[in-house]
Amino acid sequence: MRIYAVGGAVRDELLGLPVKDRDFVVVGATPKEMLERGFRPVGKDFPVFLHPDTQEEYALARTERKTAPGYRGFVFHTAPEVTLEQDLARRDLTINAIARAEDGTLSDPFGGLADLRARVFRHVSAAFQEDPVRILRLARFAARFTDFTLAPETLALMRRMVAAGEVDALVPERVWQEVARGLMEARPSRMLAVLRECGALARLMPELDALWGVPQPPPHHPEIDTGAHMMLVLDYAAERGFALPLRFAALMHDLGKGLTPPERWPSHHGHEGAGVPLIERLCQRLKVPNECRELAVMTAREHGNIGRALSLRANTIVTLFERCDAFRKPQRFEQMLLATECDSRGRGGPADGFRDKPFPQAAHLLAALAAARAVNAGEVAQRHAAQPARIPEAVHAARVHAVRALVPAAVEEQAAPS
């Protein structure tokens, strides 16, 4: 029995990165021998065991054979005679196919060390094309390892996989799992770039893929392209360390611009509301969690109003709070403000000044929300107990009165309807 550390743990150690989880492959052993040594079996499709002390995973060396489309159609074979090289040959990328023996010796049969030095993602063998999840994983790695490039032959292979319909066989839960993990990496825009370059984005999220090539007004968007803007917004949210729901809202906020007829470019009047059904459809298809969906829908629908917050009258502001359920869920409302701030900052380049431009709308609305929430709705209701149908209107009016003190007189006097 010979034990080797494999996969991401070896890769990250060689890159000088912290290691979270360690995986091991066992060569020359049988399930019976593993059980006799106190290992606990956990694998469903092939023998994987937990170490009796560390609880780390140890898998018997195996080979695999594809038997059906998608990522579930595999038959695995484990036996004491399966070699380390045979086991490593089934892995996705050369940088993940390096093994470390217990004495520290490295086994690198597929050139992973050279690709680590060159910062290149390269597939181990043609077996890469048998598992479409590997396209998602590689895209996620691109978002994590931001100085790596994609080998041309690997990109060509991924394009052939997409053309063959392999990506279409992915189940929604797995797509969302990988996309969500990629959104939480250092530069999530690189995940989208890889998925788009190989054609997978158009198959998995066509609503998002439609944003590239759609122009925006240059004075407000020096980057012009809507897809480029979305990537800037997403990366800014990642730089701020925001949680997944907020990053997903950044990803989805301008989806409606993909529906604007070319004859109306670069204007996108009404894109906020137009994006809502697109987000709902995408979230339903990929089974996106409600927390992410709700914030994304609200951000898409309201980010235009948030941008105009300093010119909104008190009645309009309170109506905005009611529409967003801000009195019951103030934290979600604040998350929407942060997502909209990302939208404001994610434009152009460093010389264009948007990144450091003040965003007073957030403080203004939060102060207004605090004032409106300070209204004692119970007392207002008691005053109108004889006419219960008037209570909602009275509470609304009291909140408007509280907010009006924060709104400039010139704004309140404007003739535009609220």
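Our subject is the structure listed above.
Figured I'd write up the structure that's included with this text.

With 4 bridges connecting them, strand 2 (residues 23–27) and strand 5 (residues 57–60) associate as parallel partners. Residue pairing for strand 5: Val25 is matched across the bridge by Ala59. Counted between consecutive antiparallel strands, the loop separating strand 4 (residues 48–50) from strand 5 contains 6 residues, among which Gln55 sits at a positive phi close to 65°.

Looking now at the pattern of salt bridges. Evaluated as defined, the whole model comprises 28 salt bridges. The salt bridge involving Arg100 is made with Glu13; its shortest N-O contact spans 3.4 Å. Placement of Arg100 in strand 8 (residues 99–101) and of Glu13 in helix 1 (residues 8–14) is noted, with a sequence separation of 87 residues between them. Its relative accessible area of 31% is what places Glu13 among the partly exposed residues. Between Glu239 and Arg355 there is a salt bridge, with its nearest N and O atoms 2.0 Å apart. One end of the pair, Glu239, is in helix 11 (residues 226–239); the other, Arg355, is in the loop between helix 16 (330–345) and helix 17 (360–373), and 116 residues separate them in sequence. Looking at Arg355, the relative accessible area reads 37%, which means it is partly exposed. Among the charged side chains, a network of salt bridges with common partners joins Glu280, Arg293, Glu294 and Arg332.

Mapped onto the fold, His220 is located in the loop between helix 10 (206–209) and helix 11. Separated by 94 residues in sequence, His220 and Ala126 place their C-alpha atoms 46 Å apart. Apart from the residues lying within four places of it in its own chain, the contact partners of His220 are Arg347 and Phe354.

Reading across from one edge, 3-4-5-2-1-8-9 is the order of the 7 strands in this open sheet, with mixed pairing throughout. Strands with a single pairing partner mark the edges of an open sheet, and in this sheet they are strand 3 (40–41) and strand 9 (106–107).

The subject of this paragraph is the packing of helix 15 (residues 314–323) against helix 19 (residues 391–404). At a minimum axis separation of 8 Å, helix 15 and helix 19 run at an interaxial angle of 120°. The angle between helix 15 and helix 19 falls in the class oblique. Crossing geometry of helix 15 relative to helix 19 is assigned as right-handed. Contact with helix 15, carried on its side by Ala314, Asn315, Ile317, Val318, Thr319 and Glu322, involves His396, Arg399, Val400, Val403 and Arg404 of helix 19 and no other residues of that element. Broken down by class, the residue content of the contact of helix 15 with helix 19 amounts to 5 nonpolar, 3 polar and 3 charged.

Another aspect to go through is helix 16. Residues lying three or four places apart along an α-helix face the same way, a consequence of the helix completing one turn every 3.6 residues. Taking 1.5 Å as the rise per residue, helix 16 with 16 residues should run 22 Å; its terminal C-alpha atoms sit 23 Å apart, in good agreement. Residues of helix 16 that are buried: Arg332, Phe333, Met336, Leu337, Ala339, Thr340, Glu341, Cys342, Asp343, Ser344 and Arg345.

This brings us to the packing of aromatic side chains. One pass over the structure, following the stated rule, counts 8 aromatic pairs. Aromatic pair Phe121 and Phe148: ring centres 4.9 Å apart, planes at 25°, arrangement stacked. Residue Phe121 is found in strand 10 (residues 120–121), and its partner Phe148 is found in the loop between helix 5 (133–144) and strand 11 (149–150); the two are separated by 27 residues along the sequence. Here Phe121 matches Phe148 in class, with each residue buried. Measuring from centroid to centroid gives 6.0 Å for Phe321 and Phe327, while their planes differ by 85°, and the two rings are edge-to-face. Take Phe321 and Phe327: they sit in the same class, and that class is buried. The residue whose ring lies beneath Arg11 is Phe141, and the NZ or CZ to ring-centre distance is 5.1 Å. The side chain of Arg140 reaches across the aromatic face of Phe141, ending 5.4 Å from its centre.

Another aspect to go through is helix 17. For helix 17, built from 14 residues, the straight-helix expectation of 20 Å at 1.5 Å per residue is met to within 8% by its first-to-last C-alpha distance of 20 Å. Among all positions in helix 17, only Gln361, Ala362, His364, Leu365, Ala368, Leu369 and Ala372 are buried. An end-on view of helix 17 places all buried positions within 165° of arc, on one side of the element. Contacts made by the buried residues of helix 17 are with helix 14 (290–307), helix 15, helix 16 and helix 19.

Enumeration over the complete set of coordinates arrives at 0 disulfides. Cys292 carries a free sulfur, and the closest cysteine sulfur to it, the one in Cys283, is 7.9 Å from it. The exposure class assigned to Cys292 is buried, which follows from its relative accessible area of 3%. Not part of a disulfide, Cys324 finds its nearest cysteine sulfur in Cys283, a span of 17 Å. Judged by relative accessible area, Cys324 falls into the buried class, the value being 1%.

With that out of the way, let us pick up the side chain of Glu341. For Glu341, the position within the fold is in helix 16. Take Glu341: its relative accessible area is 12%, and that puts it in the buried class. If we ignore the near neighbours within four places in the chain, the residues touching Glu341 are Tyr236, Arg240 and Phe359.

Right, let's talk about the nonpolar core for a bit. A general tendency of soluble globular proteins is for nonpolar side chains to be buried together. In this structure, Phe121, Leu208, Phe248, Phe321 and Phe333 are the most contacted members of the largest nonpolar core, which totals 105 residues. In contact with Phe321, other than residues within four places in its own chain, are Ala326, Phe327, Phe333, Leu365, Ala368, Leu369 and Ala372. Listed in part, the 13 residues of the second largest apolar core include Ala61, Val82, Ala99 and Val124.

Along the polypeptide, Ala394 turns up in helix 19. A residue is classified by how much of its surface remains accessible, and Ala394, at 12% relative accessible area, is buried. Distance from Ala394 to Arg383, taken between C-alpha atoms, is 9.3 Å for residues 11 residues apart in sequence. Non-local contacts of Ala394, meaning those with residues more than four positions away in its chain, are made with Val380 and His384.

Quick notes on the rules
- Residues numbered from 1 in each chain as written.
- Predicted model: local features only at pLDDT ≥ 70, side-chain atom pairs only at ≥ 80, totals over all residues.
- Heavy atoms only, no water.
- Pairing = 2+ DSSP bridges.
- Helix = DSSP H or I, 4+ residues; strand = E, 2+ residues; numbered from the N terminus.
- Salt bridge = Lys/Arg side-chain N within 4 Å of Asp/Glu carboxyl O.
- Buried < 20%, exposed > 50% of the residue type's maximum accessible area, 1.4 Å probe, protein only.
- Contact = heavy atoms within 4.5 Å.
- Axes fitted to C-alpha atoms, helices over the stretch in contact; angles between N-to-C directions.
- Parallel < 35°, antiparallel > 145°, perpendicular 65-115°, else oblique.
- Left-handed = near helix turned anticlockwise from the far one by under 90°.
- Nonpolar A, V, L, I, M, F, W, Y, C, P; charged D, E, K, R; others polar.
- Expected span 1.5 Å × (residues − 1).
- Phe/Tyr/Trp six-rings, centres within 6.5 Å; stacked < 30°, edge-to-face > 60°.
- Lys NZ or Arg CZ within 6 Å of the ring centre and 35° of its normal.
- Arc of directions from axis to C-beta.
- Disulfide = S-S within 2.5 Å.
- Core = buried A, V, L, I, M, F, W, Y, C linked by side-chain atoms within 4.5 Å.

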